Amino acid sequence: MWEEDVRLMQEAGVNLVSLGIFSWSRIEPYEGRYEMAWLDRVMDLLHAGGIAVDLATATASPPPWLSRHHPEMLPATADGVRLWHGARQHYCPSSPVYRGASKRLVEQMATHYASHPALAMWHVGNEFGCHVPACYCDVSAEAFRRWLEARYGSIDDLNRAWGTDFWSQRYSDWGEVLPPRRTPTWPNPSQQLDFMRFSSDELLACYEIEHAVLTEHSPGVPVTTNFMRFFKPLDYWKWAEREDIVTDDVYQDPSDPEAGMRSAMAGDLMRSLGRGRPWVLMEQTSSRVNWREVNVAKAPGQMRLWSYQAVARGADGVMFFQWRQSRAGAEKFHSAMVPHGPVSSSPVWKEVKQLGQELHGLDAVCGSRVNADVAIVFDWESWWALELPSKPSIRIRQEAQLEDYYRPLFAANVIADFVRPTDDLSRYKLVLVPNLYLVGDDGAAALTSFVRNGGTLVMGFFSGIADPFEHIHLGGYPAPFADMLGLRVADWLPLADGESVEVVFADGGKGHGDLWSELIETSGAKAVASFGGGRLDRHAAVTRHEFGGGTAYYVGTRLDQASMARLLHTVWTAAGVSPQLEGPAGVEAMRRSVGRRSILFLLNHRPSAVDVPLAQAGTNLVDGSPVHAGLFRLGPYGAAVIREGW
Ligand code: GLA
C-alpha cells in the first residue's frame, strides 16, 4: 500500500507529509528498544518519490509500557481522576518520567534522521494541550510550587499576589499551596490565573526540551508544533516565539454560516503569531470530521476555497489530516485525502488532486506578506482572567467579543493583524480593543501612547478592570484608560439573557445593545450614541474622545451587528483605512505583496456564481488565464489568485 500511496501523492501534487505523529509504541515497543527499520522504509520511499517529510518526534502518545511501569506519569483531573492510557496524550506535562522518556526518544529520532534527505521539518508532539491542558496531580502540585517560588520569591509575596486574607486562605508554608483542585466553591481567582500561566508554561517546557535536542542534532531544520486556532489553554504568543514556522489545524464546521469568517480570523492570528512570516495550514479535513455530533460534509469546492483562504491570510503551505482513511481506530470515520473506497469514484479525491495541481502554480505567492492598517488587541492572560467565574456577567466571552469587532472587517475586506497590548503599534492607523479585562501598566501605557501619538483606538466595555494579579485597578473603571477615553464608568448594569436596550446614534440612527450596559460619566468624551429609555435614558452608550493627537472611542454595550458595522465603518474611514475591494457580499478579497507588487485573492463564499468588479488587469495564477479590468466571474465557492498588473 505504501508504494501505491507514494504514487497517489505524486498524482495529487503532494510534496510534504507529516509522518509518525502517533508512532511511539511502534518506534519503541519496549523500553529502550528502538525499531526504526519500518520508518526508514517509509522515509526512503517518500524521498524516492520526491516527497519531503515533516517528521514527528512521536511524543504525543506514550506507549502503554511507560504508564504501566510508571503510573505516576499519568495526568490527573481537578477531581483527582487519573487519565489512563488507551487513547492519547495521557501524560502529566511536569512528569520527570514522561520528560525523560520523550527526550530519549527524540534523541534517537534526531540522531537517526538528522541527515535523511527527506527530512524538511520537525513536528514536535501534536496539538499540545488538546485533551489534557492541565494536570492536577502531586507531581504537578510540586512543580506549580516551584514555578510560584520563582515568580514570587517569598510566601508573603504569594499571599499578597493572591489576596489570601480573603476567605482565610493565607499560606504559611509552600507545602500548603495546591493547584486549584476541586473545592467547595470558586478557588482563589489569582491562583486559578497563575495555574493557567503555569500549565501553558509546563507544556511549553516539554516542547523546549525536544526543540533543544532537535536543533542540536539538525541545526537549520525548522521546528514546529501544530496550533489550534484560538486555543484558550496555551499562550500562543509565547509559544510562537519558540517556533521556526507557525502551523495551524483548522476544522471549520460546514454547518456554521460564519465558518469562513472564523477561519479567516484564525488565519490572521497565525500570521500575527509569526509576526507576519508565512505560516502553514498543517491540518484540515478533506470533507468531514468525526468528532462533532453530526459531521456535516464540506460542499463541493469548499475545501479548495478554504485552502485558498489560508493562503490568502498568509499561509505558504496547505496540508491535511489525514492521508488515507484508516480501517481501525477512533478516527476511521474522519475523511481523508484517500478514502476507504476507490479513488476513481471519489469527488473528494478529485478536489484534492485539483488543489494540489493548482498550488504548484502559486510559487509567486510564497514568501509574500500581508500588510494591515488595523490591529486587534488580543491577550491570552486577559482571556483567562475574563472567563474566570464570579463576574458581573459570565456571558462576556473573549472569542465572541473578538468576533463582534472582526465580523464587520471581514465583511468589508478590511485586513487586520492581531497584536499584544505591549506591541509596537506605530505602524497601524487603527487599533481595536474588543476586550482587555486584564492589563498591566506597560500594556496600558502602550495603548495610551498610541492614541496620544495620533492613532485611533476603539475599546470595548469591561476593559482595563484588573491588573496581572487579578486585582481591581482602583480609581474608577476603567482606571488605566479613563483619561485616554475621557470618561469613568460609575456602574455596571449587565443585561439578562434576552434583554436589550435601545441605542440612539447622534445622527438619529437607532439600534440596540444586549449583554451589557453601563452608566458612563463623561469627562471630555462626547456621546456618539446614547441609550434610549430605561434607567440609562440619554446617558452615553458609545463615546469619542480627542486625546493628544489621536481619538479614542469607547463602546459601553454589545451593539447589534448593523450598528457595530456602521460604527466601525465610520471609524476606519476617518482613520484612513481602505478595504481591499468593494465588491458583492460574500466575496472575500485579500492581498499579499512582494515589494510593491501585489497578488489579489478573490474567494466566493457563496454557493452561486458572482461577478466581482476589478480595477486592474492581471493573470489568474490558478489556471494561468489573463484577467481583464471590469467584471470578473467567480463560480460557486470559486477562488482566484490574481497577479495584479505584472
Ligand atoms: C487533530 C489531531 C489529529 C486528528 C484530528 C481530527 O487535529 O491533530 O491527529 O485527531 O484532530 O480532526
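Here the structure is a predicted model, which means the values were calculated and not measured.

Student: Just to check I follow, could you spell out the environment of Gln398 for this structure?
Tutor: Within the secondary structure, Gln398 is located in helix α14 (residues 398-412). For the pair Gln398 and Gln169, spaced 229 residues apart in the sequence, the C-alpha separation amounts to 29 Å. For Gln398, the contacting residues outside a window of four places in its chain are Phe378, Ser382, Trp383, Leu386, Glu387 and Asn435.

Student: Looking at this structure, I do not really get the site of the ligand. What am I missing?
Tutor: By nearness alone, every residue bordering the ligand is listed as Phe22, Arg88, Asn126, Glu127, Asp249, Tyr251, Glu283, Trp291, Phe321, Glu331 and His334. Measuring from an oxygen atom of the ligand, one finds a side-chain N or O atom of Tyr251 at 3.4 Å. If the ligand stood free it would expose 310 Å²; the protein chains cover 96% of that surface. When the residues that make up the shell around the ligand are grouped by side-chain class, the tally is four nonpolar, two polar and five charged.

Student: Please explain helix α17 (residues 561-574) as it appears in this structure.
Tutor: It helps to recall that an α-helix has 3.6 residues per turn; residues three or four apart then point in one direction. Here α17 spans 20 Å end to end across 14 residues, near enough to the 20 Å set by a 1.5 Å rise per residue. Among the residues of α17, those classed as buried are Ser563, Met564, Leu567, Leu568, Val571 and Trp572. Down the axis of α17, the buried set is contained in an arc of 155°. They therefore lie on one face. Backbone geometry just downstream of α17 places Gly576 in the positive-phi region, at approximately 80°.

Student: Would you mind going over the packing of α14 against α17 with me for this structure?
Tutor: Each packed pair of helices is defined by two parameters, the angle between the axes and the distance between the axes. Taken N-terminus to C-terminus, the directions of α14 and α17 make an angle of 70°; their axes are 9 Å apart at the nearest point. Judged by the inter-axis angle, α14 sits roughly perpendicular to α17. Helix-helix and strand crossings are classified by hand; for α14 and α17 the assignment is right-handed. From α14, Asp404, Tyr405, Arg407, Pro408, Leu409 and Ala412 reach across to α17, where they touch Gln561, Met564, Ala565, Leu568 and Trp572. Grouping the constituent residues of the contact of α14 with α17 by class yields eight nonpolar, one polar and two charged.

Student: Before we go on, may I ask you to explain the sheet that holds strand β17 (residues 526-532) in this structure?
Tutor: Pairing between the strands of a sheet is mediated by backbone hydrogen bonds and can be parallel or antiparallel. With mixed pairing, 10 strands are arranged side by side in an open sheet as β10-β9-β11-β12-β19-β18-β17-β14-β15-β20. Among the strands making up the open sheet, the edge pair consists of β10 (416-419) and β20 (558-559). Two elements, strand β14 (residues 500-505) and β17, share four bridges in a ladder whose sense is antiparallel. The partner of Glu502 across the bridge, within β17, is Gly532.

Student: Please clarify how the environment of Val577 should be interpreted in this entry.
Tutor: Turning to its location among the elements, Val577 is positioned in the loop between α17 and β21 (587-594). We classify Val577 as buried; its relative accessible area is 7%. Here the alpha-carbon distance between Val577 and Asp373, two residues 204 residues apart in the chain, equals 6.4 Å. If near-sequence neighbours (up to four positions away) are discounted, Val577 is found in contact with Asp373, Val374, Val414, Lys429, Leu430 and Trp572.

Criteria and cut-off values
- Residues numbered from 1 in each chain as written.
- Predicted model: local features only at pLDDT ≥ 70, side-chain atom pairs only at ≥ 80, totals over all residues.
- Heavy atoms only, no water.
- Helix = DSSP H or I, 4+ residues; strand = E, 2+ residues; numbered from the N terminus.
- Contact = heavy atoms within 4.5 Å.
- Near = heavy atom within 4 Å.
- Polar contact = N/O pair within 3.5 Å; in protein donor to acceptor, adjacent residues only side chain to side chain.
- Areas by Shrake-Rupley, 256 points an atom, 1.4 Å probe, with all protein chains shown as cover.
- Nonpolar A, V, L, I, M, F, W, Y, C, P; charged D, E, K, R; others polar.
- Expected span 1.5 Å × (residues − 1).
- Buried < 20%, exposed > 50% of the residue type's maximum accessible area, 1.4 Å probe, protein only.
- Arc of directions from axis to C-beta.
- Axes fitted to C-alpha atoms, helices over the stretch in contact; angles between N-to-C directions.
- Parallel < 35°, antiparallel > 145°, perpendicular 65-115°, else oblique.
- Left-handed = near helix turned anticlockwise from the far one by under 90°.
- Pairing = 2+ DSSP bridges.

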